[in-house]
Amino acid sequence: MSVANVILGILHVAAAVFIVGPMAILPMTAMRAIRAGSPTQVRTLARSTNVFSLLSLAVFILGFGALGTSDPKYHTSISSTWIWLSIVLYVIALGLTLFVVVPAMRRAADTIEGEEAVEEEDPAARPAPPAPNRGYGPLAATSGISSLLLLAVVVLMVWKP
């Protein structure tokens, strides 16, 4: 292994832990904030999830750097099943997070704020009970699928079938 490969490999794994980890975990924290009825926290978590998801592209790029500096005797290339499958699964997870999870979190924050506004206008007129999930179900399902896809990427990175 070359020094460049070792350094890029370490950076790739460290970035995955510290960037992709929060990308997967923050939506679960947002679900707790939705249940608690905290629109500010949900909105902050949506913004953070969006930022970490975009930063996860650095992990993607570092992975290509590690791949480009790998020893040719191991026959590791983009055509290796575990690499192209990891890329596909990551891209799907990233797309789900950016285009489904983050917007669902923002909609949930808007819904909670709307409920609070109705209550502030006329405190005596208690609104009907809030929607049972405030968008919780789709958020839970999609963020769960995204997390499972990211877990599959980790399995492929270790197993290398």
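Described below are features of the structure shown in this document. (Residues numbered from 1 in each chain as written. Predicted model: local features only at pLDDT ≥ 70, side-chain atom pairs only at ≥ 80, totals over all residues. Heavy atoms only, no water.)

## With respect to the layout of surface pockets
Estimates place the volume of the largest pocket at around 1,000 Å³. Broken down by secondary-structure element, the contributors of at least two residues to the lining of the largest pocket are helix 1 (3-36), helix 2 (39-68), helix 3 (81-121) and helix 4 (136-159). For the lining of the largest pocket, the element with the highest residue contribution is helix 1, accounting for eight residues. Class assignment of the residues belonging to the lining of the largest pocket gives a composition of 22 nonpolar, eight polar and two charged. (1 Å grid on protein atoms, 1.4 Å probe; cavity = no way out; pocket = protein on both sides within 12 Å on 5 of 7 lines; lining within 4 Å. Points joined across faces, edges and corners; volume = space filled by probe spheres on them. Helix = DSSP H or I, 4+ residues; strand = E, 2+ residues; numbered from the N terminus. Nonpolar A, V, L, I, M, F, W, Y, C, P; charged D, E, K, R; others polar.)

## Quick notes on the nonpolar core
For soluble globular proteins, the rule of thumb is that nonpolar side chains tend to be buried together. With 19 residues, the main nonpolar core has Ala-15, Val-59, Leu-89, Tyr-90, Leu-94 and Leu-150 as its most contacted residues. Those elements that place two or more of their residues in this core are helix 1, helix 2, helix 3 and helix 4. Apart from the residues within four sequence positions on either side, Tyr-90 is in contact with Ser-53, Ser-56, Leu-57, Phe-60, Leu-150 and Val-153. Counting residues in each nonpolar core, the second largest holds 16 residues, with Met-31, Val-42, Leu-45 and Leu-139 among its members. (Core = buried A, V, L, I, M, F, W, Y, C linked by side-chain atoms within 4.5 Å. Buried < 20%, exposed > 50% of the residue type's maximum accessible area, 1.4 Å probe, protein only. Contact = heavy atoms within 4.5 Å.)

## Describing a nonpolar patch on the surface
Taken together, the side chains of Leu-148, Leu-151, Val-154, Val-155, Met-157, Val-158 and Trp-159 define a hydrophobic patch exposed on the protein surface, amounting to about 730 Å² of accessible area. For Val-158, the position within the fold is in helix 4. (Patch = residues over 30% accessible without salt bridge, like charges linked within 9 Å, V, L, I, M, F, W, Y side chains within 5 Å. Areas by Shrake-Rupley, 256 points an atom, 1.4 Å probe, with all protein chains shown as cover. Salt bridge = Lys/Arg side-chain N within 4 Å of Asp/Glu carboxyl O.)

## Describing the environment of Val-101
Looking at the element boundaries, Val-101 is found in helix 3. Look at Val-101 and you get buried, because its relative accessible area is 1%. Sequence separation of Val-101 and Ala-140 is 39 residues, and the distance between their C-alpha atoms is 8.5 Å. In this structure Val-101 touches Pro-27, Leu-96, Leu-139, Thr-142 and Ser-143, once residues within four positions along its chain are discounted.

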